[in-house]
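Understanding the architecture of this molecule
What follows is each chain in one-letter form.
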Amino acid sequence: MPMAVDFNGRPLHFIGVGGIGMSALAYVLAERQLPVSGSDCHLTHITRRLQEKGVHIFWSQEADNIAQATQTLADDTQVLPQVVCSTAISPSNPEYKAAMDAGCPMFHRSDILAALMNESQGIAIAGTHGKTTTSSMVGYLLLKAGIDPSIVIGGEVAAWQGNAHVGTSDYMVAEADESDGSLVKLSAEIGVITNIELDHPDHYSTLDEVVGIFKHFAHQCDVVIGSADCETVMNQIQPNVTYSLRPESGADYIATDICETSQGTTAEIWERGQRLGELHLAILGRHNLSNALAAIAVARRLGVEFDVISTIMATFEGAKRRFDHRGFHNNILFIDDYAHHPSEIKVTLAAAKVKSTESLEGVNQRLVVAVFQPHRYSRITTLLQEFSMAFAEADQVIVTDIYSAGEKNPSGITGEDVTSAIGEHHTQVSYAATLDDVKAKLAALLQPGDLVIFLTAGNLNQVIPDVMDYQAKQSEKTALTSV
Ligand SMILES: CC(=O)N[C@H]1[C@@H](OP(=O)(O)OP(=O)(O)OC[C@H]2O[C@@H](n3ccc(=O)[nH]c3=O)[C@H](O)[C@@H]2O)O[C@H](CO)[C@@H](O)[C@@H]1O[C@H](C)C(=O)O
Ligand SMILES: Nc1ncnc2c1ncn2[C@@H]1O[C@H](COP(=O)(O)OP(=O)(O)OP(=O)(O)O)[C@@H](O)[C@H]1O
Ligand SMILES: C[C@H](N)C(=O)O
């Protein structure tokens, strides 16, 4: 029987504490005044936020951190920390090895999440795509509706200034990640499954293996809410409650009269054949209307009236890096999006196309320029054909080299291979290997009126401030010369 996590005062030490999932858990436990420490090979605003919460952050990741994280009690008793690891931490990591050698109780991130969920009324949001967005919507909806759940998700939301919130109710809204198979450790009163596809060939060889994990998770949920627009969810999971963008689906929750504009999406929402009312979303994309239907189904299960739901959802601004408006300079709109799978790229470029219909004074043509940073050699190698056909809605495509995400590259695949594959189906595609090459290419390419969307789960979005700054200067030059 694996050792239970001790939340009664024994120290916890997170290796990879800056991770988007790890940091959310560290935040919640630090908020509970537990002794929490951690290390990460990258110190960011996320580790700084933890430090402000009282988490002891080590400046580097090394074996000695374990001894330093060990507490010495009054009678000189040494209390070894409970060590929590991200999947990103390999067994060769020096701090991991030191913890093992010292005999520390070892846990995975998912063990901590499962323990927190087990002591809560758990609402777990799973699915290959849309977990962060949907869990953000559910958290926001319940928070603003006065239910005040705790929230631990894989993205940052302005409403709670980050990826975690400690609520006053027994409810906990959690993003349930399937990427490493640890989803099977989670159980919940309500489970949501948005869709099921192969996205992590680093862990799964076939779609069937992915389905098996979701089935295991679904059996551990009292109620499963699933998308009727995903055949695999419907055929393999048979959710108790369904939602769909297709009225003919017969789903429990459907959206009709869908109207997408550059300012947002409206739809009529129905619950088991009864009209609930009109929904307006400020965030674009049919995929986000689908995510919103899942959130509505959760809120209705908790007894929230639809007029409250629609009022709150109209003010939801989304999660960072998900169709995230970064700025508007020289009549060019800059959007940052986390899409890193062909299905995600398709739905996001469709939303970008709608956004580009927004009329701009003095501009008669608006091009969608997609800058794509392929993510994980394993994903690109396995899904290259699907990636090659995912960019039809973009007018121009720039492809960078592949973001490794810590992976090795046994197939030797490169960003140039991705560029060539997309080029089989798209005439306006080019390669910009490095972030500096991207800046140079955009300086030459972008025109007033363009909408440039950065598709990245890696570090490509680091270029956005410089690119916007360049365009702002261009705008000033134009203004001066036109005087
Ligand atoms: C690897 C993994 O399982 N990552 C998943 C996990 O986050 P977390 O466990 O926090 O992982 P990280 O965000 O990837 O962040 C990992 C952190 O670990 C540091 N590091 C990494 C290596 C090392 O040697 N030393 C070291 O310190 C590194 O700097 C980073 O801050 O849970 C999140 C919430 O569900 C997922 O979104 C996330 O990405 C899944 C896959 C996806 O969405 O598909
Ligand atoms: N329901 C959906 N179907 C398809 N794509 C979606 C959906 N929702 C969001 N996306 C796209 O996927 C990207 C990632 O969304 P999000 O972070 O919410 O999903 P996730 O499941 O947490 O992702 P991951 O686990 O891969 O990090 C978004 O930026 C958007 O491009
Ligand atoms: C983006 C996703 N977290 C991955 O690591 O593949």
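Reference entry: report on the structure contained in this document. (Residues numbered from 1 in each chain as written. Chains lettered and ligands numbered in written order. Predicted model: local features only at pLDDT ≥ 70, side-chain atom pairs only at ≥ 80, totals over all residues. Heavy atoms only, no water.)

1. Brief notes about the site of ligand 3
Around ligand 3, a shell composed of His-200, Tyr-338, His-340, His-375, Arg-376, Arg-379 and Ala-457 is seen. In this structure, Arg-376 approaches ligand 3 through a side-chain N or O atom, which is 2.7 Å from an oxygen atom. For ligand 3, an oxygen atom lies 2.7 Å from a polar atom in the side chain of Arg-379. In isolation ligand 3 has 220 Å² of accessible area, and contact with the protein removes 76% of it. Here the shell around ligand 3 is composed, by residue class, of two nonpolar, three polar and two charged. (Near = heavy atom within 4 Å. Polar contact = N/O pair within 3.5 Å; in protein donor to acceptor, adjacent residues only side chain to side chain. Areas by Shrake-Rupley, 256 points an atom, 1.4 Å probe, with all protein chains shown as cover. Nonpolar A, V, L, I, M, F, W, Y, C, P; charged D, E, K, R; others polar.)

2. Looking at unusual backbone geometry
Here the phi dihedral of Arg-272 falls at roughly 45°; this positive angle occurs in a residue that is not glycine. Inspection of the secondary structure puts Arg-272 in the loop between strand E16 (264-271) and strand E17 (274-281). Its relative accessible area of 47% is what places Arg-272 among the partly exposed residues. Even without glycine at this site, Ala-405 takes up a positive phi of about 55°. Assignment of secondary structure puts Ala-405 in the loop between strand E21 (396-399) and helix H13 (415-423). Its relative accessible area of 28% is what places Ala-405 among the partly exposed residues. (Helix = DSSP H or I, 4+ residues; strand = E, 2+ residues; numbered from the N terminus. Buried < 20%, exposed > 50% of the residue type's maximum accessible area, 1.4 Å probe, protein only.)

3. Here we look at the packing of aromatic side chains
Throughout the structure, instances matching the rule amount to three aromatic pairs. Both rings, one in Phe-372 and one in Phe-391, keep their centres 5.2 Å apart while their planes meet at 50°; by these two values the pair is tilted. Residue Phe-372 is found in strand E20 (residues 368-372), and its partner Phe-391 is found in the loop between helix H12 (377-388) and E21; the two are separated by 19 residues along the sequence. Among the residues examined, Phe-391 registers a relative accessible area of 1% and is labelled buried. Cluster of aromatic residues (ring-pair linked, three or more members): Phe-372, Phe-387 and Phe-391. Between the NZ or CZ atom of Arg-32 and the centre of the ring of Phe-7, over which it lies, the distance is 5.7 Å. Above the face of the Tyr-338 ring, Arg-322 is positioned so that its terminal group lies 4.0 Å from the ring centre. (Phe/Tyr/Trp six-rings, centres within 6.5 Å; stacked < 30°, edge-to-face > 60°. Lys NZ or Arg CZ within 6 Å of the ring centre and 35° of its normal.)

4. Points about the site of ligand 2
Around ligand 2 sit 20 residues in total, of which Lys-131, Thr-133, Asp-337, His-340 and Thr-348 are the nearest. Between ligand 2 and the protein, one listed contact pairs an oxygen atom with a backbone N or O atom of Gly-130 at 2.8 Å. Here His-340 contributes a side-chain N or O atom positioned 2.8 Å from an oxygen atom of ligand 2. Elements that contribute at least two residues to the shell around ligand 2 include exactly helix H6 (131-144), helix H9 (286-301) and helix H11 (342-355).

5. A short note on the pattern of salt bridges
Enumeration according to the criterion identifies 20 salt bridges in this entry. Glu-31 is paired through a salt bridge with Lys-53; the nearest N and O atoms lie 2.6 Å apart. With Glu-31 in helix H1 (residues 22-31) and Lys-53 in the loop between helix H2 (45-52) and strand E3 (56-58), this residue pair connects regions lying 22 residues apart in the sequence. The class of Glu-31 is partly exposed, set by a relative accessible area of 30%. Taking relative accessible area as the criterion, Lys-53 reaches 32% and is therefore assigned partly exposed. A salt bridge links Glu-358 to Lys-355; the nearest nitrogen and oxygen atoms lie 3.3 Å apart. In this structure, a network of salt bridges that share partners links the residues Arg-49, Glu-156 and Lys-320. (Salt bridge = Lys/Arg side-chain N within 4 Å of Asp/Glu carboxyl O.)

6. With respect to the side chain of Glu-268
The residue Glu-268 is located in strand E16 in this model. Judged by its relative accessible area of 13%, Glu-268 falls in the buried class. At a separation of 2.5 Å, a polar atom in the side chain of Glu-268 contacts the side chain of Arg-275.

7. Observations regarding the environment of Phe-328
Considering the arrangement of structural elements, one finds Phe-328 in strand E18 (residues 324-329). For Phe-328, a relative accessible area of 41% corresponds to the partly exposed category. In the structure, Phe-328 is positioned 121 residues away from Gly-449 in sequence and 9.9 Å away in space, judged by C-alpha atoms. Beyond its immediate sequence surroundings of up to four residues, Phe-328 is in contact with Leu-333 and Leu-360. (Contact = heavy atoms within 4.5 Å.)

8. A short note on the sheet that holds strand E2 (residues 36-39)
Each strand in a sheet pairs with its neighbour through backbone hydrogen bonds, running either in the same direction (parallel) or in the opposite one (antiparallel). Here five strands make up an open sheet; going across it, the order is E3-E2-E1-E6-E7 and the pairing parallel. Every interior strand has two partners, whereas the edge strands, E3 and strand E7 (106-108), have only one. On average, each strand axis in the sheet is tilted by 25° relative to the strand beside it, whichever way the strands run. Here E2 pairs with E3 via three bridges, running parallel. Residue Ser-39 lies in a different strand from E3, and its bridge partner there is Phe-58. (Pairing = 2+ DSSP bridges. Axes fitted to C-alpha atoms, helices over the stretch in contact; angles between N-to-C directions.)

9. Details of the nonpolar core
One finds Phe-14, Leu-29, Ile-112, Val-152 and Ile-193 to be the most contacted residues of the largest nonpolar core, which totals 50 residues. Among the elements that make up this core, the one with the highest residue count is H1 (eight residues). In terms of nonpolar packing, the next biggest core, distinct from the first, is built from 45 residues, Leu-142, Ile-153, Val-223 and Ala-297 among them. (Core = buried A, V, L, I, M, F, W, Y, C linked by side-chain atoms within 4.5 Å.)

By themselves, these are just geometric observations and shouldn't be taken as functional.
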